[in-house]
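Chain by chain, the residues run as shown.
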Amino acid sequence: MSWIEHRDCPKTGTRLCALSDIPDQGGFEVAFGKGDENFRILLLRQGDLYWTYRNQCPHFSLPLNFHPQTFVVMDSMVICAHHTAFFSFDDGVCVDGPCAGAGLTPLPSTFFGGEIYFGNSET
Ligand code: FES
């Protein structure tokens, strides 16, 4: 199933967070829906740049974090808390770990006035 068909996928234009909510060189999660199958979005930031991915590791389809808003980051890579896969901020590709070569699913977003919104003109 594509992410866009997920029952909890937010509508285009839904506010996710402010850029300043994301720690620099860190991650921030925004979740929609309830339960283990909810729709979880991971935002990563480096200075004025940010990236938006589904918070779902391609290894076992688990969230990358064990605890709320706790993401392990090193050298512009986010590390899955389960089996230590390393994902680049800028393309979401796993550069080391059990799912090397696979990647996080990028999600569309729009930045306006310091705020980040889900979707773009194509969604
Ligand atoms: S679930 Fe992420 S590395 Fe295994």
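Everything that follows concerns the structure shown earlier in this document.
Bear in mind that the values here come from a model prediction, so they are computed numbers and not experimental data.

Turning our eyes to something else, we now look at the nonpolar core. Core analysis: the largest hydrophobic core is formed by 16 residues, its most contacted members being L16, I22, F39, I41, L43, I116 and F118. Only β1 (15-18), β2 (26-32), β3 (39-46) and β10 (115-118) provide two or more residues apiece to this core. Among all residues touching I22, those that are not within four sequence positions of it are C17, G27, F28, L43, L44, R45, Y50 and I116. Of all hydrophobic cores here, the second largest spans 15 residues; its members include L44, Y53, L64 and F71.

Further remarks concern the sheet that holds β10. Read across the sheet, three strands follow the order β1-β10-β9 without closing on themselves; strand pairing throughout is antiparallel. Only two strands of the sheet have a single partner each, and these edge strands are β1 and β9 (109-112). The mean angle between the axes of side-by-side strands here comes to 25°, regardless of whether they run parallel or antiparallel. Two strands pair when backbone bridges link them, and β1 and β10 are joined in this way by three bridges, in the antiparallel orientation. Pairing of R15 across the sheet is with Y117, part of β10.

In this section: the pairing of β10. Pairing analysis gives four bridges linking β9 to β10, with the strands arranged antiparallel. Note on β10: the bridge partner recorded for S109 is F118. A loop of two residues connects β9 with β10, the two strands running antiparallel in sequence, and G113 in this loop sits at a positive phi of about 60°.

Here N55 lies in the loop between β4 (49-54) and β5 (72-74). Looking at N55, the relative accessible area reads 4%, which means it is buried. Within the local environment of N55, its side chain forms a polar contact with the side chain of N65, the two groups lying 2.9 Å apart. Setting aside anything within four residues of it in sequence, one finds N55 in contact with E29, R40, I41, L42, L62, P63, L64, N65 and F71.

The next thing to look at is the pattern of salt bridges. As enumerated under the stated definition, the model contains four salt bridges in all. Between R7 and D8 there is a salt bridge, with its nearest N and O atoms 3.0 Å apart. Take D8: its relative accessible area is 16%, and that puts it in the buried class. Salt-bridge contacts for R40 lead to E29; the nearest nitrogen and oxygen are separated by 2.6 Å. Remark: E29 occurs in strand β2 and R40 occurs in strand β3; sequence separation between them is 11 residues. On the accessibility criterion, R40 (22% relative accessible area) is partly exposed. Judged by its relative accessible area of 11%, E29 is buried. Each of R15, D21 and E115 takes part in a single network of salt bridges with overlapping partners.

Calculation rules
Residues numbered from 1 in each chain as written. Predicted model: local features only at pLDDT ≥ 70, side-chain atom pairs only at ≥ 80, totals over all residues. Heavy atoms only, no water. Core = buried A, V, L, I, M, F, W, Y, C linked by side-chain atoms within 4.5 Å. Buried < 20%, exposed > 50% of the residue type's maximum accessible area, 1.4 Å probe, protein only. Helix = DSSP H or I, 4+ residues; strand = E, 2+ residues; numbered from the N terminus. Contact = heavy atoms within 4.5 Å. Pairing = 2+ DSSP bridges. Axes fitted to C-alpha atoms, helices over the stretch in contact; angles between N-to-C directions. Polar contact = N/O pair within 3.5 Å; in protein donor to acceptor, adjacent residues only side chain to side chain. Salt bridge = Lys/Arg side-chain N within 4 Å of Asp/Glu carboxyl O.

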